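Residue-level structure breakdown
The lines below spell out each chain.
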Amino acid sequence: MASLNSDLFYDIMRRVDGATLASAACTCAALHSISKEEGLWENVCCSMWPSTNREDVKSLIASIGGFKKYYADCFPLIVNKEVPELRWNNYLDYPEELTEAEYYGDFDEFESISPSNFISIVDIRYKNKTIWSKVIWGIPNVNGSNGWFQNCPFRIDLLNSEVINLSVSEGLPPITSMERERKDGKFWQDLRNGLRLSWIVVNRKIKQAANLSSWSPLGGQRHWPTDKDFLIRFGSILPAKDILPCQAVECIITMKFQVVYTRGESVQTTLKLTELSLQLGDMEGAHVNGRNSLLVLKEALSCRRSKNYSEALESFHLYAKVQNELKEEKMRNECRLDRLCIIGGIAALATFCYSIHTLYRLLLQFQCCRHPFFYM
């Protein structure tokens, strides 16, 4: 290897992916030195995230530390296993260190975070083919950090009037009939296995970035709300310590497809992407407001990450487990309250009936005393 030219090394290294490049850097001093070249990491990022080919995105990445740092921040998935086992009664209380006014009021920290500082870099792949990329500078439809945005549910919708189709030419399997697909589910399974989504959020003020997506789908629903609709969900579990009482929230990225074209025996199928949105939900399923969402996103940019997909999936399952336990406990408490209300209602009715009966007897006795011969 010592006899090989450094240019040849560089030519070889620019053909590998990021994981191979990082591993090669640990083998010898020569490869370690070459792996520091920013051009190699730019090539890796552009092949993985086509949206980084844009000149404005390249300038953004350069301003936050370069392509090597961008890859190190965005390739691993967010992992958050610090999900507290909350009880429903405790979950409804505000944290002891915050008053209700402080919880809903303004923080100095929020004043330093502007919606315009958050950039969304989104890439959708299907079977290793890029079908759509988009860059959103700032949070859409927000005029400043005050007003309705702070208290309204936080939501980013990427699709406006754009038409994004996925067809057989991109590797989509044909649908012979919706009835057959409903029975065997092969089309749905192929769609889930082939789709990959990257939703990277960059804060240019603090110069940090993270991928909020799970790469592969976490779940979804087929034939909902109609036979021709498919809903696929990506996301991650984000820390919300000292921000929300639940201390962890779910980043929910939703994709909705609709079958728009099927024709006769030639069986040509086209899927239209009708929704691509991002929201944050708490343990009870309520959407987090804008102010708290920005604080959570800022915290997520510096949280723990892992290249192991199963570890990221484990944190999601842990969150879902605690969330289900919280829902079950809430249902049990509501059932107890219902029983108490029913028992209280029966007791109140019995007391009322007894009081009416007693009053009626007293009235009869009073009448007997006034007119004794009338009742003889």
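Residues numbered from 1 in each chain as written. Predicted model: local features only at pLDDT ≥ 70, side-chain atom pairs only at ≥ 80, totals over all residues. Heavy atoms only, no water.

Here we look at the packing of aromatic side chains
Worth spelling out the cut-off: By convention, a stacked pair of Phe, Tyr or Trp rings (six-membered ring in the case of Trp) has centres within 6.5 Å and planes under 30 degrees apart, an edge-to-face pair has planes over 60 apart, and any other such pair is tilted. By definition, any uninterrupted DSSP run of H or I lasting at least four residues is a helix, any uninterrupted run of E lasting at least two residues is a strand, and each is numbered from the N terminus. The rule is simple: take the accessible area with a 1.4 Å probe, protein chains only, and divide by the maximum for that residue type; under 20% is buried, over 50% is exposed, in between is partly exposed.
Evaluated as defined, the whole model comprises six aromatic pairs. On the basis of an interplanar angle of 55 degrees and a centroid distance of 6.2 Å, the ring pair of Trp49 and Tyr71 is categorised as tilted. With Trp49 in the loop between helix H4 (38-48) and helix H5 (55-63) and Tyr71 in helix H6 (residues 67-74), this residue pair connects regions lying 22 residues apart in the sequence. The class for Tyr71 is buried, based on a relative accessible area of 5%. Pairwise contacts between aromatic rings join Trp41, Trp49, Tyr70, Tyr71 and Phe75 into one cluster.

Quick word on the sheet that holds strand S7 (residues 208-211)
Put simply, the test is: For two strands to be treated as a pair, DSSP must find no fewer than two bridges joining them. Fitting a line to C-alpha atoms yields each axis, with helices limited to the stretch in contact; the angle taken between N-to-C directions then spans 0 to 180 degrees.
If you walk across this open sheet you meet the four strands as S3-S2-S6-S7, and the pairing is antiparallel. Across the chains shown, the open sheet's two edge strands, defined by having one partner strand only, are strand S3 (129-137) and S7. Here the strands of the sheet are splayed against their neighbours by 15 degrees on average, with no regard to which way each runs. Bridging between strand S2 (residues 118-126) and S3 involves eight bridges; their strand directions are antiparallel. When the sheet's bridge partners are listed, Ser120 is paired in S3 with Ile136.

With respect to a nonpolar patch on the surface
Let me state the cut-off plainly: To count toward a patch, a residue needs a relative accessible area above 30% and no salt bridge. Like charges then connect within 9 Å, nonpolar side chains (Val, Leu, Ile, Met, Phe, Trp, Tyr) within 5 Å. For the accessible areas, the method is Shrake-Rupley and the probe is 1.4 Å, while residue cover comes only from the protein chains on display. Salt bridge, as used here: a side-chain nitrogen of Lys or Arg that lies within 4 Å of a carboxyl oxygen of Asp or Glu.
Together, Leu349, Phe352 and Ile356 give the surface a local cluster of nonpolar side chains, amounting to about 320 Å² of exposed area. Take Ile356: it is sitting in helix H14 (residues 309-370). By relative accessible area, which is 44% here, Ile356 ends up partly exposed.

Digging into the pattern of salt bridges
This model, assessed by the stated rule, comprises 16 salt bridges. Where Glu275 meets Arg155, a salt bridge forms, and the shortest distance between an N and an O atom there is 3.1 Å. Within this pair, whereas Glu275 is found in strand S11 (residues 270-281), its partner Arg155 is found in strand S4 (residues 155-157), the two being separated by 120 residues in sequence. For Glu275, a relative accessible area of 17% puts it in the buried group. The partner of Lys330 in a salt bridge is Glu284, with the nearest N and O atoms 3.7 Å apart. In this pair, Lys330 is assigned in helix H14 and Glu284 in the loop between S11 and helix H13 (290-300), connecting sequence segments 46 residues apart. Using a relative accessible area of 28% as the deciding quantity, one classes Lys330 as partly exposed. Several salt bridges converge on common partners, so that one network encompasses Lys81, Arg304, Glu311 and Glu314.

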